[in-house]
Amino acid sequence: MARDFSNLLEQLRQGSIKELTVEADEFPAFQPIYMKYEQRKRIIGKAQKNGKVVYHFEGDENGKS
């Protein structure tokens, strides 16, 4: 079953979760949701081995979203 990436992105933005890991086989489901997400430019991904990407939310200078 596919994960609810819309909800996970929102949790990331709100600080409920510190990072979101997307595996290579999940990326085709994640990418269109990510591209439509209003705050996507503040969600930074770092590539890992085997196609895994770890995303985190970059707040403003004061640490607020």
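Just above, that's the structure.
Keep in mind that what you see is a predicted model, and the values were worked out from it rather than measured.

Focus on the sheet that holds strand 1 (residues 20–22)
(1) Moving on: Spatially, 1-3-2 is the arrangement adopted by the three strands of the open sheet, whose pairing is antiparallel. Two strands close off the open sheet at either side, each with one partner strand: strand 1 and strand 2 (43–47). Averaged over all pairs of adjacent strands, the angle between their axes in this sheet comes to 25 degrees, without regard to strand direction.
(2) Moving on: When strand 2 meets strand 3 (residues 53–57), the two strands line up antiparallel, connected through five bridges. Counterpart to lysine 46 in the pairing with strand 3 is valine 54.

Thoughts on the environment of lysine 46
(1) Moving on: Turning to its location among the elements, lysine 46 is positioned in strand 2.
(2) Moving on: When the C-alpha atoms of lysine 46 and histidine 56 are compared, they prove to be 8.6 Å apart, with 10 residues separating the residues in sequence.
(3) Moving on: When residues no more than four places from it in sequence are discounted, the contact partners of lysine 46 are Lys52, Val53 and Val54.

Rules and cut-offs
Residues numbered from 1 in each chain as written. Predicted model: local features only at pLDDT ≥ 70, side-chain atom pairs only at ≥ 80, totals over all residues. Heavy atoms only, no water. Pairing = 2+ DSSP bridges. Helix = DSSP H or I, 4+ residues; strand = E, 2+ residues; numbered from the N terminus. Axes fitted to C-alpha atoms, helices over the stretch in contact; angles between N-to-C directions. Contact = heavy atoms within 4.5 Å.

Everything listed here is a matter of coordinates, which is why it stays silent on function.
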